[in-house]
Amino acid sequence: MPYYEHVFLARQDLSQSQVDSLAQEATKIVEDNQGKVVLTETWGLRTLAYKVQKNRKAHYVMLRLDAPGNVIEELERQTRINEDVIRFLTIRVDEHEEGPSVMMRKQERDTRRGGNDRGGDRPRRDRDDS
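Residues numbered from 1 in each chain as written. Predicted model: local features only at pLDDT ≥ 70, side-chain atom pairs only at ≥ 80, totals over all residues. Heavy atoms only, no water.

### So, helix α1 (residues 16-32)
Under the convention used in this document: Only DSSP runs of H or I with at least four residues qualify as helices, and only runs of E with at least two residues qualify as strands; both kinds are numbered from the N terminus onward. In a helix, the anticipated span is given by 1.5 Å times the number of residues less one. Three exposure classes are used, based on accessible area relative to the maximum for each residue type with a 1.4 Å probe and protein chains only: buried under 20%, partly exposed in between, and exposed over 50%. An arc is given here, and it is the one of the directions from the helix axis to the C-beta atoms. Between two residues, a contact is recorded if the distance between any of their heavy atoms is within 4.5 Å.
End to end, α1 covers 24 Å across 17 residues, agreeing with the expected 24 Å (1.5 Å per residue, within 8%). If you check which residues of α1 are buried, you get V19, L22, A23, A26, T27, I29 and V30. Viewed along the axis of α1, the buried residues span an arc of 160°, placing them on a single side of the element. The exposed residues of α1 that point more than 90 degrees off its buried face are S17, Q24 and K28. Elements that come into contact with the buried residues of α1 comprise β1 (3-11), β2 (36-52), β3 (55-66), α2 (69-81) and β4 (85-93). A positive backbone phi angle near 65° is found at Q34, which sits one or two residues after α1.

Written out as structure tokens, the structure is:
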């Protein structure tokens, strides 16, 4: 069966338990249609680059799927209907990565480093405008 990654963005005013139930609904849709959810990752509440349907932030959730195309069509149809989902994207991949996704590895790296978003532990130097 083909492999897919399905990422959806849920509204910022939802609680984490509501976001988890959205992920469970998506899992149920896939499994009811003879597909398989390999991994579910919740990336948390993140700031968007621009407003989407009056939302500045969104809850990100990614599902790794092993399912035929008709299951993906049904999942996308149900996701499109759901008012709590503001955006979604499904892509076909050749194979699933082993371990956590890049987003989860980035979060782990940031927490280990202390949340410095400037990239590295170098001290900030002021520019010399001479």
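### Some thoughts on the side chain of T90
Threshold: We define a polar contact as two N or O atoms separated by no more than 3.5 Å, with the added condition that, inside protein, one atom must be a possible hydrogen donor and the other a possible acceptor, whereas residues neighbouring each other in sequence contribute only through side-chain atom pairs.
Structurally, the position occupied by T90 is in strand β4. Within the structure, the side chain of T90 is placed 2.6 Å from the side chain of H6, a separation counted as a polar contact. A distance of 3.0 Å separates a polar atom in the side chain of T90 from a polar atom in the side chain of E76. Setting aside chain neighbours within four positions, we find T90 in contact with Y4, E5, H6, I72 and E76.

### Remarks on the environment of D32
The residue D32 is located in helix α1 in this model. For D32, a relative accessible area of 48% puts it in the partly exposed group. Spatially, the C-alpha atoms of D32 and V71 are 9.0 Å apart, while their sequence positions differ by 39 residues. Among the polar contacts listed, one links the side chain of D32 to the side chain of K28, at a separation of 2.8 Å.

### So, the nonpolar core
We apply this condition: Nine residue types can take part in a nonpolar core, namely buried Ala, Val, Leu, Ile, Met, Phe, Trp, Tyr and Cys, and a core is a set of them joined through side-chain atoms within 4.5 Å.
In this structure, Y4, A26, I29, V30, V37, L63, L65, A67, V71, I72 and L75 together form the largest nonpolar core, which totals 11 residues. Leave out the neighbours within four places in its chain, and Y4 touches L63, R64, L65, A67, G69, I72, T90, I91, R92, V93 and H96. Counting 9 residues, the second-largest nonpolar core is a separate cluster that includes V7, L9, V52 and Y60.

### Let's talk about the sheet that holds β2
Rules: DSSP bridges decide pairing: two strands pair if at least two such bridges lie between them. Here, axes are lines fitted to C-alpha atoms. For helices the fit covers the stretch in contact, and angles between N-to-C directions go from 0 to 180 degrees.
Ordered in space as β2-β3-β1-β4, the 4 strands form an open sheet in which the pairing is antiparallel. Each edge of the open sheet carries a strand with a single partner, namely β2 and β4. Strand-to-strand twist in this sheet, taken as the mean axis angle between neighbours without regard to direction, amounts to 20°. Pairing between β2 and β3: 11 bridges, direction antiparallel. Residue K36 lies in a different strand from β3, and its bridge partner there is D66. On the sheet, α1 packs against β1, β2, β3 and β4 and is oriented at approximately 130° with respect to β2.

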